[in-house]
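# A closer look at the structure
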Amino acid sequence: MRSDVTLRRLDEVLLQDLLDAAVVDADPDEVMPPVAGAAGWTGERRTAFLRFHRSRSLSAEPVESTYAIVVGDAVVGAARLYPLEGPRHAVEAGVWIGRSHRGSGVGSAVLRHLLVLARTDGFDSLFVSTTSGNTAVQRLLAAMDVDLVREGDSVTAWVDLVAAGHG
Ligand SMILES: CC(C)(COP(=O)(O)OP(=O)(O)OC[C@H]1O[C@@H](n2cnc3c(N)ncnc32)[C@H](O)[C@@H]1OP(=O)(O)O)[C@@H](O)C(=O)NCCC(=O)NCCS
């Protein structure tokens, strides 16, 4: 596993770096909910990106934990852990990495870090949801030997954090 990949809990300084990384190296629809209007990183979309993370992670009552993905000294993406309602005591993982850093093992290292963080936070399982076309996520999950559930365009998986062997 790559040793130069770390996760740092998001704060206002890292949030600005994260926006810069997203604008330079990712499409809006890869990193944030849809915003109406012209394509690309418009002023409205940049503002919405900041508002999204402030409301979800940096507010007085955050609904999820967000981490800047750092390679060396550079912020290259974001990873999120979103606690789910229900009996499983589960948390959903979300990740995006800038285009220029994809396909070189960063995602794999991030998933390992998220497993440790989720387990440390006391969760019993980690949920991942993606689309059938997202081969990279499916390969990440396949490497963990978890069952992938396919329904239409959706692919989901539950990673058991209590059983030995993951992370
Ligand atoms: C999905 C994502 C997080 C994966 O991170 P990554 O750093 O590119 O992944 P890695 O380099 O660790 O590769 C993980 C596996 O996927 C494979 N892979 C990576 N990119 C791939 C691609 N474009 N097509 C097919 N396989 C790919 C790698 O070969 C590796 O498989 P292997 O271990 O069997 O060789 C990243 O590509 C990304 O941010 N994509 C855009 C946003 C996104 O899709 N987020 C996930 C939403 S659920």
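In case you missed it, the structure is sitting above this.
Anyway, here's the lowdown on the structure attached to this text.

Looking now at the site of the ligand. Around the ligand there are 18 residues in total, and Ile 97, Gly 105, Gly 107, Asn 134 and Arg 139 lie nearest to it. In the environment of the ligand, an oxygen atom lies 2.7 Å from a nitrogen or oxygen atom belonging to the backbone of Ile 97. A distance of 2.7 Å separates an oxygen atom of the ligand from a polar atom in the backbone of Gly 107. Relative to its unbound accessible area of 920 Å², the ligand is 65% covered by the protein chains. Broken down by secondary-structure element, the contributors of at least two residues to the shell around the ligand are strand E4 (90–97), helix H4 (106–120), strand E5 (125–131) and helix H5 (135–142). Per-element tally for the shell around the ligand: the top contributor is H5, with five residues. Partitioning the shell around the ligand into residue classes produces seven nonpolar, nine polar and two charged.

A few words now on the side chain of Glu 64. Assignment of secondary structure puts Glu 64 in the loop between helix H3 (43–58) and strand E2 (65–71). For Glu 64, a relative accessible area of 4% puts it in the buried group. Within the local environment of Glu 64, its side chain forms a polar contact with the side chain of Arg 56, the two groups lying 2.8 Å apart. There is a polar contact of 2.8 Å between the side chain of Glu 64 and the side chain of Arg 80. Among residues more than four places away in sequence, those in contact with Glu 64 are Phe 52, Arg 56, Ser 57, Arg 80, Leu 81, Tyr 82 and Pro 83.

Cut-offs and rules
Residues numbered from 1 in each chain as written. Predicted model: local features only at pLDDT ≥ 70, side-chain atom pairs only at ≥ 80, totals over all residues. Heavy atoms only, no water. Near = heavy atom within 4 Å. Polar contact = N/O pair within 3.5 Å; in protein donor to acceptor, adjacent residues only side chain to side chain. Areas by Shrake-Rupley, 256 points an atom, 1.4 Å probe, with all protein chains shown as cover. Helix = DSSP H or I, 4+ residues; strand = E, 2+ residues; numbered from the N terminus. Nonpolar A, V, L, I, M, F, W, Y, C, P; charged D, E, K, R; others polar. Buried < 20%, exposed > 50% of the residue type's maximum accessible area, 1.4 Å probe, protein only. Contact = heavy atoms within 4.5 Å.

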